[in-house]
Amino acid sequence: MGAALSLLAWSAAAQQAAPAAPAARMDGLSVSQQELEQMLRALPEAERAAVRADHAALAPWLRERLAREALLREARANRWAERPEVRSSIDAAVQEATARTVGNSYLASVAQVPAGYPSPDELRAAYAQARPGLAVPETFRVAQIFLALPAGADAAAVAALRAQAEALAQQARQGDFAALARQHSQDSASAARGGEIGLLPLERLLPQARESVAGMQAGQVAAPVQTSAGWHVLKLLERQPARTATLEEVLPRLTAVLRAQRQQALARAHLEKLAPVASVVVDAATVDAAVRHVFE
């Protein structure tokens, strides 16, 4: 996925770049970078970690996504949506989606949270309760000089690139790392910042870099690290110990969580008011018959 993603799995700088090429394309169909990013954000953490370590793992998903698009194009060419049974299913789905959208929108309107909620006292109390779970892991401010490995490079090319990385590491130990990064690094985003890639917990780095970074002291330049993308000359600029996040740091997120909880409580209260327990008659025999019919 390019040198801009060299040390970090997904860098913010890459996301802010000028219009990107499609993540995958085939015969007039494509998967945009935005769609891919939306999918990645929805992944469980274990799968996200796997993708960070190996971007090629996305290839099967991209192929399936394009196959689905090709299938839909084929169905439209055969005017499949005009078949009566398909049209009936579409109409039912539209009615269900319409009812759900109208109902949810109205419920949100009658369960609005007051503008002043939560108060400062409520925020402090919530922070005190949540504090044991607000650990911030040890973080590392790292800079890099990245040398990209050309596609199809043979053993001689790999060795030559390694020798270049080792020479740069030696120069960096004795000179200006930032200047060397601006001059030689092929990750343009971090090179413009003198090689800096930010203050990150260890798990946000690619696995190949973690052991090296974890063993470094501030100011140290490590031996070059190889990844599938190329070679990285790493310098540890700063190391911050694990700590507990402050109220100021978590204030926006804590406010959002409390407001969401209050909105859910107001919504439940409104629904209970519309259908109070005393007014709802449940036919146990019919319920039992339905359960037996489905599960037995």
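Residues numbered from 1 in each chain as written. Predicted model: local features only at pLDDT ≥ 70, side-chain atom pairs only at ≥ 80, totals over all residues. Heavy atoms only, no water.

Chemist: Hey, could you run me through the packing of aromatic side chains in this one?
Modeler: For the coordinates displayed, the defined rule picks out 0 aromatic pairs. Positioned over the ring face of Trp80 is Arg83, at 4.1 Å from the centre of the ring. Against the face of Tyr117 rests Arg262, its NZ or CZ located 4.1 Å from the ring centre. (Phe/Tyr/Trp six-rings, centres within 6.5 Å; stacked < 30°, edge-to-face > 60°. Lys NZ or Arg CZ within 6 Å of the ring centre and 35° of its normal.)

Chemist: Where do I start with the pairing of strand β4 (residues 139-148) in this structure?
Modeler: Two faces, one strand: in a regular strand the side chains alternate between the faces of the sheet. The buried fraction of β4 amounts to 8 of the 10 residues, a majority that puts the element mostly inside the structure. Two elements, β4 and strand β5 (residues 196-201), share 5 bridges in a ladder whose sense is antiparallel. Its bridge partner being in β5, Phe140 is matched across the sheet by Leu200. (Buried < 20%, exposed > 50% of the residue type's maximum accessible area, 1.4 Å probe, protein only. Helix = DSSP H or I, 4+ residues; strand = E, 2+ residues; numbered from the N terminus. Pairing = 2+ DSSP bridges.)

Chemist: In this structure, what is going on with unusual backbone geometry? I would like to understand it.
Modeler: A negative phi holds for most residues other than glycine; trans holds for most peptide bonds. Pro118 follows Tyr117 through a cis peptide bond whose omega is 0°. Among the structural elements, Pro118 can be located in the loop between α5 (84-110) and α6 (120-130). Of note, the phi angle at Asp27 is positive, near 50°, even though the residue is not glycine. Looking at the element boundaries, Asp27 is found in the loop between β1 (24-26) and β2 (29-31). On the basis of relative accessible area, Asp27 is assigned to the exposed category, the value being 59%. Phi is positive for Arg79, close to 55°, though the residue is something other than glycine. Looking at where Arg79 falls in the secondary structure, it is placed in the loop between α4 (59-77) and α5.

Chemist: How should I be thinking about the pattern of salt bridges in this particular structure?
Modeler: Pairing between side chains of opposite charge can happen when their charged atoms approach one another. All told, the structure shown has 15 salt bridges when counted by the stated rule. In this structure, the salt-bridge partner of Asp27 is Arg73, at a minimum N-O distance of 3.1 Å. Here Asp27 is found in the loop between β1 and β2, whereas its partner Arg73 is found in helix α4, with 46 residues between them in sequence. Assessed through its relative accessible area of 36%, Arg73 is described here as partly exposed. A salt bridge links Arg79 to Glu82; the shortest N-O distance between them is 3.0 Å. Comparing Arg79 with Glu82 shows no difference in burial state: the two are exposed. Overlapping salt bridges bring together Glu35, Arg65 and Glu69 as one network. (Salt bridge = Lys/Arg side-chain N within 4 Å of Asp/Glu carboxyl O.)

Chemist: It is not clear to me how the side chain of His270 should be interpreted in this structure. Could you clarify?
Modeler: Within the secondary structure, His270 sits in helix α11 (residues 247-274). Ignoring anything within four residues of it in the chain, the contact list for His270 reads Tyr106, Leu107 and Val110. (Contact = heavy atoms within 4.5 Å.)

Chemist: What am I meant to see in helix α8 (residues 177-184) here?
Modeler: Note: α-helices contain 3.6 residues per turn, so residues at a spacing of three or four share the same orientation. Buried within α8 we find Phe177, Leu180 and Ala181. End-on, the buried residues of α8 take up no more than an arc of 100°, which puts them together on one face. Projecting away from the buried face of α8 at angles above 90 degrees are the exposed residues Arg182 and Gln183. If you follow the buried residues of α8, they end up packed against β4, α7 (155-174), α9 (188-191) and β7 (230-240). Taking the backbone nitrogen of Ala178 as reference, a side-chain oxygen 3.1 Å away marks Asp176 as the first, capping residue of α8. (Arc of directions from axis to C-beta. Polar contact = N/O pair within 3.5 Å; in protein donor to acceptor, adjacent residues only side chain to side chain.)

Chemist: Sorry if this is basic, but what is going on with the sheet that holds β7 here?
Modeler: Two modes of strand pairing occur in sheets, parallel and antiparallel, and in both the strands are linked by backbone hydrogen bonds. Strand order in the open sheet formed by 4 strands is β5-β4-β7-β6, with antiparallel pairing between adjacent strands. Edge strands, defined here as strands with exactly one partner in the open sheet, are β5 and β6 (225-227). This sheet shows a mean twist of 40° between the axes of neighbouring strands, independent of strand direction. As paired elements, β6 and β7 share 3 bridges and run antiparallel to each other. Its bridge partner being in β7, Gln226 is matched across the sheet by Trp231. Strands in contact with α8 are β4 and β7; relative to β4, the strand with the most contacts, it is inclined by about 40°. (Axes fitted to C-alpha atoms, helices over the stretch in contact; angles between N-to-C directions.)

Chemist: Would you mind going over the packing of α7 against α8 with me for this structure?
Modeler: Two quantities define a packed helix pair, namely the angle between the axes and the distance from one axis to the other. Remark: α7 packs on α8, axes separated minimally by 8 Å, with the N-to-C direction vectors making an angle of 145°. Along the contact surface, α7 presents Leu168, Gln171 and Ala172, while α8 presents Phe177, Leu180 and His184. The class makeup of the residues in the contact of α7 with α8 is 4 nonpolar, 2 polar and no charged. (Nonpolar A, V, L, I, M, F, W, Y, C, P; charged D, E, K, R; others polar.)

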